[in-house]
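Working through the structure, step by step
Below, each chain spelled out in residue letters.
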Amino acid sequence: MKKIFTISVLSLMCVNMAHAATPWWEQPTICRLNPTDCYAGMGAGFDTEMWDADDKCWGMKLICPQALKPTGTEPTAVSRSDISRNIGISSDYDTDLIGVDGDCFGRRKTTADGSLASVNGNYVNVWCNGILDDADEVLEYGEITYGAQPTCTQLAENGYVAVQNGRCYGKYYDSARYFIECSPELRLIVLNGADYNTPTNGAPTTMDAAEKLFEQMYMVSKEHKEKYFTSK
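Each helix and strand in the protein chain was counted, giving 4 helices and 14 strands. Counting only residues that meet the buried cut, the protein chain has 28% of its 232 residues in that class. Relative to all contacts within the protein chain whose residues are 6 or more apart in sequence, the contacts with residues 24 or more apart total 36%. Accessible area of the protein chain: about 15,900 Å², with a carbon and sulfur share of 55%.

This part is about the pairing of strand β12 (residues 168–172). Burial analysis of β12 places 4 of its 5 residues in the buried class, which makes it a mostly covered element. Between strand β11 (residues 160–165) and β12, which pair antiparallel one after the other, the connecting turn spans 2 residues, and G166 there sits at a positive phi close to 75°.

Right, let's talk about the sheet that holds strand β6 (residues 110–111) for a bit. Overall, antiparallel pairing links the 3 strands, which are arranged β6-β7-β8 in an open sheet. Each of the sheet's edge strands pairs with one partner strand only, and the pair in question is β6 and β8 (122–125).

Structurally, I144 can be placed in strand β10 (residues 143–144). Owing to a relative accessible area of 0%, I144 belongs among the buried residues under this scheme. The residues contacting I144, other than those within four sequence positions of it, are R108, A117, V119, N125, V126, L132, A135, D136, E137 and L139.

Glancing now at the nonpolar core. Counting 12 residues, the largest nonpolar core is built from C38, Y39, F46, C57, I63, A67, L68, V78, I83, I89, Y93 and F105. When sequence neighbours within four positions are dropped, the list of residues in contact with I83 reads Y39, K61, I63, V78, I89 and T95. If you look at the next biggest cluster of nonpolar residues, it comprises 8 residues, including I131, L132, L155 and C168.

Cut-off values and rules
- Residues numbered from 1 in each chain as written.
- Predicted model: local features only at pLDDT ≥ 70, side-chain atom pairs only at ≥ 80, totals over all residues.
- Heavy atoms only, no water.
- Helix = DSSP H or I, 4+ residues; strand = E, 2+ residues; numbered from the N terminus.
- Buried < 20%, exposed > 50% of the residue type's maximum accessible area, 1.4 Å probe, protein only.
- Contact = heavy atoms within 4.5 Å.
- Areas by Shrake-Rupley, 256 points an atom, 1.4 Å probe, with all protein chains shown as cover.
- Pairing = 2+ DSSP bridges.
- Core = buried A, V, L, I, M, F, W, Y, C linked by side-chain atoms within 4.5 Å.

Here it is in structure tokens:
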């Protein structure tokens, strides 16, 4: 029994001497932070030196201030757990997309090829540049307003109709050639360009001539409707 105890003490001394020769920070018993990266690739929009305490890994996404809820003034590091649960992030923004400035994540959600944008949880028209009197935000393909959307009458005052025009909404019609009627439903009336101050020479004098003229006018109107009211 005494012999076995002596061997055990010698073994313990050898182990302690071996550990004493190893710096403490390299000893196997030292507690270390997980060296694993949170994301496979971390370039622009990441802080690679931050420790994500929630997920026990290195690297955090910087979320753009406008994508935060409430909005902030600077990009903010947010844990992967909070991002996945949408905690502190506006539902109007996609945190998988790098922001417009390229230094943080969070770009306003769009659909319909960029012609609709998410505002307060609803999708609104992206208006072609120059249509809105006071745009709240400029996007890739146009502008949006956070408040009430322009009405047909308001648009018509400036010669516009709320139909899709490429990747934004709003087509212009020259008031000298077209009349925009909003009520009871939206209609585009093609004007024939007649000058009512001039004599009516050449006006139809028979029913057949009048019907022929109206048929021509109808065909012109139909062609313009098919041309201008078809979304591109």
